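Spelled out, the chains give:
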Protein chains: 2
Amino acid sequence: MGTTLQQHQEIAAFLRNAISRKEFAPGEPLPSESELCERFHSSRGPVRQAMATLRSEGLISSGRGRRTIVLDTVPTQSFDGVISYSEWCRQSGFEPGQVTQSVTRRPADEALAAALDIEPKSPVVSVFRLRLLNGVPAMVERLNYPLDVGRHLLTFDTDSGSIYQHLISSGVDIDNATRTIDAVGADADDARLLEVAEGTPLLRVRRRAFSSNGNTIESSDDRYLPGTASFTLNTIRGNPSPLSMVSAR
Amino acid sequence: MGTTLQQHQEIAAFLRNAISRKEFAPGEPLPSESELCERFHSSRGPVRQAMATLRSEGLISSGRGRRTIVLDTVPTQSFDGVISYSEWCRQSGFEPGQVTQSVTRRPADEALAAALDIEPKSPVVSVFRLRLLNGVPAMVERLNYPLDVGRHLLTFDTDSGSIYQHLISSGVDIDNATRTIDAVGADADDARLLEVAEGTPLLRVRRRAFSSNGNTIESSDDRYLPGTASFTLNTIRGNPSPLSMVSAR
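Here is a short report on the structure shown in this document. Since we're looking at a predicted model, the values are computed, not measured.

### Here we look at the interface of chain A and chain B
Thought 1: Every contact between the two is made by 77 residues of chain A and, on the other side, 77 residues of chain B.
Thought 2: Note on chain A versus chain B: buried area summed over both sides is about 7100 Å², and carbon and sulfur give 53% of it.
Thought 3: Linking chain A with chain B are 19 residue pairs in polar contact (both at pLDDT 80 or more), by the criterion used here.
Thought 4: Counting residues per element, the ones that place at least two in the side of chain A that touches chain B are helix H3 (44-56), helix H4 (79-83), strand S3 (136-146), helix H8 (163-169), strand S4 (176-185), strand S5 (201-210), strand S7 (230-236) and strand S8 (244-246) of chain A.
Thought 5: Residues that form the side of chain A that touches chain B fall into these classes: 36 nonpolar, 28 polar and 13 charged.

Take a look at the structure:
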């Protein structure tokens, strides 16, 4: 694929921005296909493609039989914001912070080796941090990396900022990530750091990140105080939801 | 928009099915753009558009500088499965069940009126059910409808099956939905029905559903036993995630 945006991507980006700036307000109809074609000097194909993209992102209604309308609560999150708590905070207008508990080089146990797709007892680097939101405890973060990735962290001050930015600037290739979201009770470490009772409900986000060629780069476990963070998405009839509920049973 | 699928949608549907049937296996490269063009007698535009759709759904890698590969853990969920627990169970190979606790017609309090976008004290219909997964308690469901929607339920046996299917077949127009996911401790009702201690961490999914013209159709609160359900999604570099983390602070 070329490095320049295709026309449908340009149109989608324009509309996404206009919606996020409320130039197209929630509840109001989006300009018609014909109007968008005229505005972008485009044929119908790219305009329809851009609208399909916005539907898959939950920004506009299905348009079945009527005008397409702009939906309320339209957040999307950049890939950087998905991977990096620091980046997410900044995008959301909050001040991120961190208090490192430990950076550990050790052999992987069975579970971690499976999560990182490496042999048991292979060396890994684990980072354990309390994360702050505007200076207040918000999340307990457990990051694990195979040594060829984690070695970049052994000489890095993990209290100084974003590990993700440091890995990217060290040349680590992070292409995609899987997140699994559930609820869990605070363990003794979580309780101490978040200043709550053991067993307090926390929102847990486990993430595995992969390189372009499918190597596992990271396996992490983030636990948020409820009231600090929740997840929101819109789903539009006719569009499969990329967020899938799965059962452990 | 026409009622027939556009070519990029046909290609996306074909690839989505082939991936879910593991004909294109996780970790393996997807056929190249040229191969796909040949197979579908298509120009590059629709093939690229279909691949963009699959990326936004988290099914394939970003393809930056290399072959695009099929990703692991590729669930997507149909719109019916998002709205209906019964439908989700069936799609996932589980037997859904329900034990109705109450169906209530009452005036909306302030909070519910705001959630349903109606005047306080307007009549609403509320359904409170324990939901089962393969016969075992799995989720506590609280559904609330404005009277013009909920009236279809006042004469319906809510132990007989899917409320969603009943509403659809009654002509209710459900076009899109917003879900907010967080963690909450079991209250006294949750604890009794799910047979756990009060305060046990539950995964909460609050949903608001809307008609094509933006009217609020439903406001609901589902609370899952952890170990019963979690949420999973893939996010690909270059694609905004439709699942956005939001902070209450």
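### What to know about the sheet that holds strand S2 (residues 123-133) of chain A
Thought 1: Judged by pairing direction, the sheet is antiparallel, and its eight strands sit side by side in the order S1(A)-S2(A)-S3(A)-S6(A)-S5(A)-S4(A)-S7(B)-S8(A) without closing on themselves. Lying at the two open borders of the sheet, with one neighbouring strand each, are strand S1 (96-107) and S8 of chain A. On average, each strand axis in the sheet is tilted by 20° relative to the strand beside it, whichever way the strands run.

### Structural notes on the packing of aromatic side chains
Residue and element names in this part refer to chain A.
Thought 1: Scanning the model with the defined rule gives eight aromatic pairs over all chains in all.
Thought 2: Summarising the aromatic geometry, the rings of tyrosine 85 and tyrosine 224 are spaced 6.4 Å apart at their centres and angled 40° between planes, so their arrangement reads as tilted. With tyrosine 85 in helix H5 (residues 85-91) and tyrosine 224 in strand S6 (residues 216-224), this residue pair connects regions lying 139 residues apart in the sequence.
Thought 3: Judged by its relative accessible area of 3%, tyrosine 224 falls in the buried class.
Thought 4: One aromatic cluster is present, built from ring pairs that chain together Tyr85, Trp88, Phe94 and Tyr224.

### Quick look at the packing of helix H1 (residues 7-20) of chain B against helix H2 (residues 33-40) of chain B
All names here are of chain B.
Thought 1: Put simply, H1 and H2 touch, their axes get as near as 12 Å, and they point 110° apart. With respect to H2, the element H1 is oriented roughly perpendicular. Within the contact between the two elements, H1 uses Gln7, Ile11, Phe14 and Leu15 and H2 uses Leu36, Arg39 and Phe40.
Thought 2: Tallied by class, residues from the contact of H1 with H2 come to five nonpolar, one polar and one charged.

### Brief notes about the sheet that holds strand S6 (residues 216-224) of chain B
Thought 1: Pairing within the open sheet is antiparallel, and its eight strands lie in the order S1(B)-S2(B)-S3(B)-S6(B)-S5(B)-S4(B)-S7(A)-S8(B). The two strands at the open ends of the sheet, each matched to only one other strand, are strand S1 (96-107) and strand S8 (244-246) of chain B. This sheet shows a mean twist of 20° between the axes of neighbouring strands, independent of strand direction.
Thought 2: Pairing of strand S4 (residues 176-185) of chain B with strand S5 (residues 201-210) of chain B, which is carried by ten bridges, proceeds in the antiparallel orientation. Across the sheet, threonine 178 of chain B pairs through a bridge with arginine 208 of chain B, a residue of S5 of chain B.

### Observations regarding the pattern of salt bridges
Residues and elements named next belong to chain A.
Thought 1: Tallied over the entire structure, the rule returns 36 salt bridges over all chains.
Thought 2: Glutamate 23 is the partner of arginine 21 in a salt bridge, and the nearest nitrogen-oxygen pair spans 2.5 Å.
Thought 3: Take arginine 21: its relative accessible area is 47%, and that puts it in the partly exposed class.
Thought 4: Here the salt bridges share partners, and the residues they tie into one network are Arg142, Asp187, Asp190, Asp221 and Arg223.

### A word on H2 of chain B
Residue and element names in this part refer to chain B.
Thought 1: What H2 keeps buried is the set Glu33, Leu36, Cys37 and Phe40. End-on, the buried residues of H2 take up no more than an arc of 105°, which puts them together on one face.
Thought 2: Contacts made by the buried residues of H2 are with H1 and helix H3 (44-56).
Thought 3: Taken from the residues just after H2, histidine 41 is the one with a positive phi, measuring 50°.

Basis of the calculations
- Residues numbered from 1 in each chain as written.
- Chains lettered and ligands numbered in written order.
- Predicted model: local features only at pLDDT ≥ 70, side-chain atom pairs only at ≥ 80, totals over all residues.
- Heavy atoms only, no water.
- Contact = heavy atoms within 4.5 Å.
- Buried area = accessible area lost by both parts, 1.4 Å probe.
- Polar contact = N/O pair within 3.5 Å; in protein donor to acceptor, adjacent residues only side chain to side chain.
- Helix = DSSP H or I, 4+ residues; strand = E, 2+ residues; numbered from the N terminus.
- Nonpolar A, V, L, I, M, F, W, Y, C, P; charged D, E, K, R; others polar.
- Pairing = 2+ DSSP bridges.
- Axes fitted to C-alpha atoms, helices over the stretch in contact; angles between N-to-C directions.
- Phe/Tyr/Trp six-rings, centres within 6.5 Å; stacked < 30°, edge-to-face > 60°.
- Buried < 20%, exposed > 50% of the residue type's maximum accessible area, 1.4 Å probe, protein only.
- Parallel < 35°, antiparallel > 145°, perpendicular 65-115°, else oblique.
- Salt bridge = Lys/Arg side-chain N within 4 Å of Asp/Glu carboxyl O.
- Arc of directions from axis to C-beta.

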